[in-house]
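Below are the chains, spelled out letter by letter.
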Amino acid sequence: MSEYKLLINGKLVDGAKSSPVLNPATEEAVAACPRASEAQLNEAVSAAKAAFPSWSATPIAERKKVLSAIADAIEANASELARLLTQEQGKPIGDATGEVYGTAAFFRYFTMLDLPVKIIEDSEGKKVEAHRRPLGVIGAIVPWNFPMILMAFKLPPALLAGNTVVLKPAPTTPLTSLKLGELIKDIVPAGVVNIIADENDLGAALTAHPDVRKISFTGSTATGQKVMAGAAGLLKRITLELGGNDAGIVLDDVNPKEAAPKLFQSAFQNSGQVCIAMKRLYVHEKIYDEMCDELANIANNTIIGDGLKQGTQLGPLQNKMQFEKVKELIEDAKKTGNVIAGGETPDEKGYFIRPTIVRDITDGTRLVDEEQFGPVLPVIKYSDPDDAIARANASPYGLGGSIWSNDKDKAYELATKLESGSVWINKHADLAPNIPFGGARLSGLGSELGEEGLAEFTQLKIINMAK
């Protein structure tokens with residue numbers, strides 16, 4: 001097994017203890033992972049605080065060169081990073097490779113942005129300027145479903161804005177982040193980026209640390225609420241990208257045979273472990289039966305297995321806790337709906353669940369109302385599009401949603417009525433580094449990506465001068 005280290009103040013160091021990281025396809029250890037103590041967390045924050053004055057004073061052009069060098073390092077080690085990502089997360093190697101190269105692309109995107117001084121007013125009596133200043137130390141907390149790309153939602157804009165960072169990956173998928181620390185140790189000045197791994201026991205300490213000025217968190221709504229409470233005492237800035245229960249609404253003019261593969265991909269990518277995956281699908285009664293049959297056929301012919309094996313289309317659930325939760329939801333759905341594909345777990349090692357389609361189910365059931373975050377899709381019949389919109393909006397979540405129709409004007413009209421941070425038409429979960437992304441209601445607070453996402457890592461400062 002490879003040896004992994006924490007990155008604290010420019011040095012690769014052992015953790016206070018270590019524990020294994022499991023491959024969810026085999027339930028066997030990938031590596032022993034160093035786990036930081038609270039004292040080491042404090043060292044990381046102190047290092048970031050000490051590095052902040054120099055880094056924030058570094059010209060933005062020089063900071064961009066650092067981001068470009070990180071992207072170069074990621075691309076140069078893409079094969080190793082992708083294989084490691086598959087081993088710790090479970091996703092097929094092709095998907096992992098795409099995530100690694102996407103991570104590099106996100107770093108490069110932020111090198112194209114600037115933080116210019118904006119002139120609000122320049123009149124006879126006064127001149128007013130808007131400046132964007134760095135905040136200080138950023139605590140970046142990343143989940144286990146996309147350990148690399150979701151890190152790239154946070155680290156590049158934080159660094160570009162002149163902040164320093166303490167990065168904490170999820171306890172079950174820390175290895176790619178620690179490997180990144182090894183790759184960038186000599187690229188980033190000491191203390192500017194610190195990477196620690198824990199056993200899910202340091203999040204509260206990082207959130208409440210008096211020297212951390214902002215928390216950028218991606219994860220569950222329940223944990224996001226704890227982060228918000230922990231940050232409240234010092235009025236820390238926070239960005240929260242939280243859970244979702246995205247609805248897809250298919251109108252009656254859609255061809256099921258043509259749309260079903262796109263809908264399936266929207267729901268089952270990464271075995272459904274995507275915050276903006278389609279989690280419930282409303283299909284017009286006119287095409288309901290045919291759509292259910294098409295989705296079931298795709299599910300039954302999907303190859304699940306170890307992500308390192310050729311031909312695998314869907315990997316396992318990432319961890320045992322999520323595996324058990326999804327199994328429980330499937331068992332409940334068998335009582336409230338009709339399982340027409342999947343619904344079982346293979347009799348073998350690994351956290352595998354066959355892609356599952358449930359029809360004849362409706363709102364008010366657990367599978368429809370809760371976020372499953374797994375390879376299970378409830379398909380709900382409706383007759384009136386406005387009723388489908390109302391049912392989609394009845395969820396406390398509001399991350400994303402989609403409308404599917406050959407009538408683009410009608411689809412657009414319905415899209416304006418969906419209450420979510422992102423709405424797609426004839427596609428779902430289309431993200432890009434230049435497009436702001438954030439949730440409504442219980443799905444989050446603030447924005448990531450794009451110019452808006454960069455601004456969230458800054459303090460707005462107004463200089464108002466009399467003439």
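Residues numbered from 1 in each chain as written. Predicted model: local features only at pLDDT ≥ 70, side-chain atom pairs only at ≥ 80, totals over all residues. Heavy atoms only, no water.

> Can you walk me through the overall build of the protein in this structure?
In terms of helices and strands, the protein carries 15 helices and 20 strands. Taken over the C-alpha trace, the protein has a radius of gyration of 23 Å; the compact-globule value for 467 residues is 23 Å, and the two agree within 12%. Taken along its principal axes, the extent of the C-alpha atoms in the protein is 65 × 65 × 40 Å. Looking at the 467 residues of the protein, the share that counts as buried comes to 57%. Considering only intrachain contacts with a sequence separation of at least 6, the fraction spanning at least 24 residues in the protein is 73%. Within the structure as shown, the protein displays about 18500 Å² of accessible surface, and the carbon and sulfur contribution to it stands at 50%. Between the averaged position of the 49 positive side-chain charges in the protein and that of its 59 negative side-chain charges there is a distance of 5 Å. (Helix = DSSP H or I, 4+ residues; strand = E, 2+ residues; numbered from the N terminus. Rg over C-alpha atoms; globule rule 2.2 N^0.38 Å. Buried < 20%, exposed > 50% of the residue type's maximum accessible area, 1.4 Å probe, protein only. Contact = heavy atoms within 4.5 Å. Areas by Shrake-Rupley, 256 points an atom, 1.4 Å probe, with all protein chains shown as cover. Lys, Arg positive; Asp, Glu negative; His and termini not counted. Charge placed at Lys NZ, Arg CZ, Asp CG, Glu CD.)

> Please clarify how the packing of aromatic side chains should be interpreted in this entry.
For any pair of aromatic rings, geometry is given as the distance between the ring centres together with the angle between the planes. Within this structure, the stated rule accounts for six aromatic pairs. Seen in terms of ring centroids, Phe-264 and Phe-268 are 4.3 Å apart; in terms of plane orientation they differ by 20°. Their pairing is stacked. Of the two residues, Phe-264 and Phe-268 both sit in helix α9 (residues 256–268), four residues apart, roughly one turn of that helix. One exposure class covers both Phe-264 and Phe-268, and it is buried. Here the guanidinium or amino end of Lys-214 rests over the ring plane of Phe-457, the centre of that ring lying 5.1 Å away. (Phe/Tyr/Trp six-rings, centres within 6.5 Å; stacked < 30°, edge-to-face > 60°. Lys NZ or Arg CZ within 6 Å of the ring centre and 35° of its normal.)

> Any chance you could explain the sheet that holds strand β17 (residues 400–404) here in plain terms?
Pairing is mixed across the open sheet formed by seven strands, whose spatial order is β14-β15-β16-β13-β12-β17-β18. Sheet topology places β14 (338–341) and β18 (422–425) at the edges, where each strand pairs with a single neighbour. Strand-to-strand twist across the sheet, computed as the mean angle between neighbouring axes with direction ignored, equals 25°. The sheet contacts of helix α14 (residues 408–415) involve β17 and β18, and relative to β18 the element is tilted by about 165°. (Pairing = 2+ DSSP bridges. Axes fitted to C-alpha atoms, helices over the stretch in contact; angles between N-to-C directions.)

> Whenever I open this one, unusual backbone geometry confuses me. Can you help?
For residues other than glycine, phi is negative in most cases, and the peptide bonds are mostly trans. For Leu-235, which is not glycine, the phi torsion reads 50° and is therefore positive. Inspection of the secondary structure assignment puts Leu-235 in the loop between α8 (221–232) and β11 (237–241). Leu-235 gets classed as exposed once you look at its relative accessible area, which sits at 64%.

> Before we go on, may I ask you to explain the nonpolar core in this structure?
Nonpolar side chains in soluble globular proteins tend to be buried together. Counting residues in each nonpolar core, the largest one holds 87 residues, and the members touching the most others are Ile-70, Phe-107, Leu-159 and Val-166. Looking at this core, the element that brings in the most residues is helix α4 (residues 93–110), giving seven residues. (Core = buried A, V, L, I, M, F, W, Y, C linked by side-chain atoms within 4.5 Å.)

> What should I look at first to understand the pairing of strand β5 (residues 118–122) in this one?
The two faces of a sheet get side chains in turn, since along a regular strand they alternate between them. As judged from the four bridges shared by β5 and strand β6 (residues 126–134), these two strands associate in the antiparallel manner. Considered in β6, the bridge of Ile-119 is made with Glu-129. Connecting the antiparallel pair β5 and β6 is a turn made up of three residues.

> Can you walk me through the packing of α9 against helix α10 (residues 288–300) in this structure?
Angle between the axes and distance between the axes: these two values describe a pair of packed helices. Two numbers describe how α9 lies on α10: the axes approach to 9 Å, and their chain directions differ by 50°. Between α9 and α10, the crossing angle belongs to the class labelled oblique. The handedness of the crossing between α9 and α10 is right-handed. Residues Pro-256, Lys-257, Ala-259, Ala-260, Pro-261, Leu-263 and Phe-264 of α9 lie in contact with α10, whose contacting residues are Glu-290, Met-291, Glu-294, Leu-295, Ile-298 and Ala-299. Among the residues making up the contact of α9 with α10, the classes are represented as ten nonpolar, no polar and three charged. (Parallel < 35°, antiparallel > 145°, perpendicular 65-115°, else oblique. Left-handed = near helix turned anticlockwise from the far one by under 90°. Nonpolar A, V, L, I, M, F, W, Y, C, P; charged D, E, K, R; others polar.)

> Please explain the side chain of Ser-443 as it appears in this structure.
Within the secondary structure, Ser-443 is located in the loop between β18 and β19 (444–445). Classification of Ser-443 by relative accessible area gives buried; the value is 0%. When residues no more than four places from it in sequence are discounted, the contact partners of Ser-443 are Leu-240, Glu-241, Leu-242, Gly-243, Gly-244, Tyr-397, Gly-398 and Leu-399.

> Looking at this structure, I do not really get the sheet that holds strand β20 (residues 458–466). What am I missing?
On the basis of which strands lie adjacent, the open sheet formed by three strands has the order β5-β6-β20 and antiparallel pairing. With one partner strand each, in any of the chains shown, β5 and β20 form the two edges of the open sheet. For this sheet, the mean inter-axis angle between neighbouring strands, taken without regard to orientation, is 20°. The sheet contact formed by β6 and β20 spans nine bridges and is antiparallel. From the neighbouring strand, Arg-133 faces β20, where its bridge partner is Gln-459.

> I'm lost on helix α1 (residues 38–57) in this one. Help?
Side chains three or four residues apart in an α-helix point the same way, a direct result of the helix having 3.6 residues per turn. When the terminal C-alpha atoms of α1 are compared, their 29 Å separation across 20 residues agrees well with the 28 Å that a helix rising 1.5 Å per residue should span. The largest bend in α1 comes to about 40°, at Ala-51, with the proline Pro-53 one to four residues further on. The set of residues buried in α1 consists of Gln-40, Leu-41, Ala-44, Val-45, Ala-47, Ala-48, Ala-51, Phe-52, Trp-55 and Ser-56. (Expected span 1.5 Å × (residues − 1). Bend = angle between axes of the 7 residues up to and from the residue.)

> Help me understand the environment of Ile-141 in this model?
Relative to the assigned elements, Ile-141 resides in strand β7 (residues 137–141). As a C-alpha pair, Ile-141 and Ala-61 span 80 residues in sequence and 27 Å in three-dimensional space. If we ignore the near neighbours within four places in the chain, the residues touching Ile-141 are Lys-154, Lys-168, Leu-206, Thr-207, Ile-215, Ser-216, Phe-217 and Thr-218.

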